[in-house]
Amino acid sequence: MQINTGSQYFKKERSLGTPNESRNRRGGAIRIVIAFANSPLIWHRKVLDGKIILCFDGIVFCGGRARNAASMIMLKLGVNIDHVATLREARYRGRGFGEPDPVGAARICEAAGAHGITAHLREDRRHIQDRDIWKLREVVKTRLNLEMANVLEIVGIALKLKPDIVCIVPERRLEVTTEGGLDVIAAEKSLIGTRKKMNDAGIEVSLFIAPDEKQIEASARVGSQFVELHTGQFAEEFHKSEIRNPKSEIELQRLVSGAKQAHALGLKVNAGHGLNYENLPALCRVPHLVELNIGHSIISRAVFVGLEKAVREMLALMKDYRG
Ligand code: PXP
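The rules behind these values
- Sequence order as written defines the numbering, with residues in each chain counted from 1.
- Local features in this predicted model are restricted to residues whose pLDDT is 70 or higher, and side-chain atom pairs enter the listing and the counts only when it is 80 or higher, whereas totals over whole chains, interfaces and linings include all residues.
- Side-chain calculation: all heavy atoms of the structure are included, whereas hydrogens and water are not.
- Fitted lines through C-alpha atoms give the axes, limited to the stretch in contact for helices. The angle between two N-to-C directions lies from 0 to 180 degrees.
- We count a stretch as a helix when DSSP gives it H or I for four or more residues in a row; a strand needs E for two or more, and each element gets its number in order from the N terminus.
- Should an angle lie under 35 degrees it is considered roughly parallel, over 145 roughly antiparallel, and from 65 to 115 roughly perpendicular; all remaining angles are considered oblique.
- In this scheme, a crossing is called left-handed if the near helix is turned counterclockwise away from the far one by less than a right angle; it is called right-handed if the turn is clockwise.
- Should any heavy atoms of two residues lie within 4.5 Å, those residues are counted as being in contact.
- Criterion for a salt bridge: a side-chain nitrogen of Lys or Arg within 4 Å of a carboxyl oxygen of Asp or Glu.
- When a residue's accessible area, from a 1.4 Å probe over protein chains only, is under 20% of the maximum for its type it is buried; when over 50% it is exposed; and in between it is partly exposed.
- Here a polar contact is taken to be a pair of N or O atoms separated by no more than 3.5 Å, where protein atoms must pair a possible hydrogen donor with a possible acceptor and residues adjacent in sequence count only if both atoms sit in side chains.
- As used here, the arc belongs to the directions running from the helix axis to the C-beta atoms.

Looking now at the packing of helix 3 (residues 102-111) against helix 12 (residues 307-318). Contact geometry for helix 3 and helix 12: axes closest at 9 Å, N-to-C directions at 45°. Of the possible angle classes, the one that applies to helix 3 and helix 12 is oblique. Our pair here, helix 3 against helix 12, has a crossing hand that is right-handed. When helix 3 is examined against helix 12, the residues Ala 105, Ile 108, Cys 109 and Ala 111 are found in contact with a partner set consisting of Leu 307, Glu 308, Val 311 and Arg 312.

What follows is the structure in structure tokens.
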């Protein structure tokens, strides 16, 4: 028997009695014991293609939506492929061709299990070029996240390109990478305008901000669907000392409070910047995260182990996230 919807699934579950769930923190099957008068039935709940299925004696009994179960939260990975283009531009700048190809990198990341591809079309085109972004739109099958400054030219490109989501970031010419978060308070009116245009075109909007109370409040007023919390300060402090650095704990707590506040205001919460294989387990203490955007550390690791393995290793670190 196959039941299709989450609500039906839960009705069925209730009609059988209150299940006693024993959670398996390493993922995989969860045992549900439904006690009848004298014969307990042992069910196994698994996730298959994003759906919950109940199995008894190897038979799929019913299915429901995974998002109905708090224990099934999956932290998603968006791989930022800008750094692949950075390497290409270092050798082939202005030539219109060259290797390595960020589009090929996106294909490998998706095949390795990444949930999305992130690319930043900067005004100075220092890494990703216009041809890359159009090709990415063609080939990315998961979710294309366009990082962009809130400026007329790039807003126009985004509206034509129609990525799945845009993440609005501040841009300064002299920075090596995006250094600070957006000042949403200062740009509130203009961000509301851009947010509306994007949403009208079917594009979701995220704002890249520091975990700051006032910026989070302003982001909610702008009406963006997501905020991406800037984890750069936490990452900096984490690596300052081999010994546990109390400042990194302070930064982590700022992210925890920021995520809670944003979630309470109805914003979905992503995070990114400076995340790597060492600091990621600590970062997983931040609640309510939907997606992490990670670039530099994955591309760097790929130099030694290959991109597919680098992505898989990161996903393996993320799989125990419990929200
Ligand atoms: N998120 C945003 C908004 C960014 O600007 C960047 C850097 O391009 C990242 C995530 C990824 O940062 P990193 O390359 O340090 O992983």
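Turning our attention to the pattern of salt bridges. Counted under the stated rule, the structure contains 20 salt bridges. The partner of Lys 135 in a salt bridge is Glu 138, with the nearest N and O atoms 3.3 Å apart. You can see Lys 135 and its partner Glu 138 sitting in helix 4 (residues 130-139), three residues apart, about one turn around the helix. Accessibility expressed as a relative area gives 59% for Glu 138, which makes it exposed. Among the ionic contacts, a cluster of salt bridges with common partners joins Arg 88, Glu 89, Arg 93 and Asp 132.

This part takes up the side chain of Glu 251. Within the secondary structure, Glu 251 is located in helix 9 (residues 246-264). Residue classification places Glu 251 among the buried residues on the basis of a relative accessible area of 12%. In this structure the side chain of Glu 251 is engaged in a polar contact, spanning 3.0 Å, whose partner is the side chain of Arg 254. Excluding residues that lie within four positions of it along the chain, Glu 251 makes contacts with Gln 233, Phe 234 and Glu 237.

What follows covers helix 4. Taken as a whole, helix 4 has its buried residues at Asp 132, Ile 133, Leu 136 and Val 139. The arc enclosing the buried residues of helix 4, seen along the axis, measures out at 130°, which places them on a common side.

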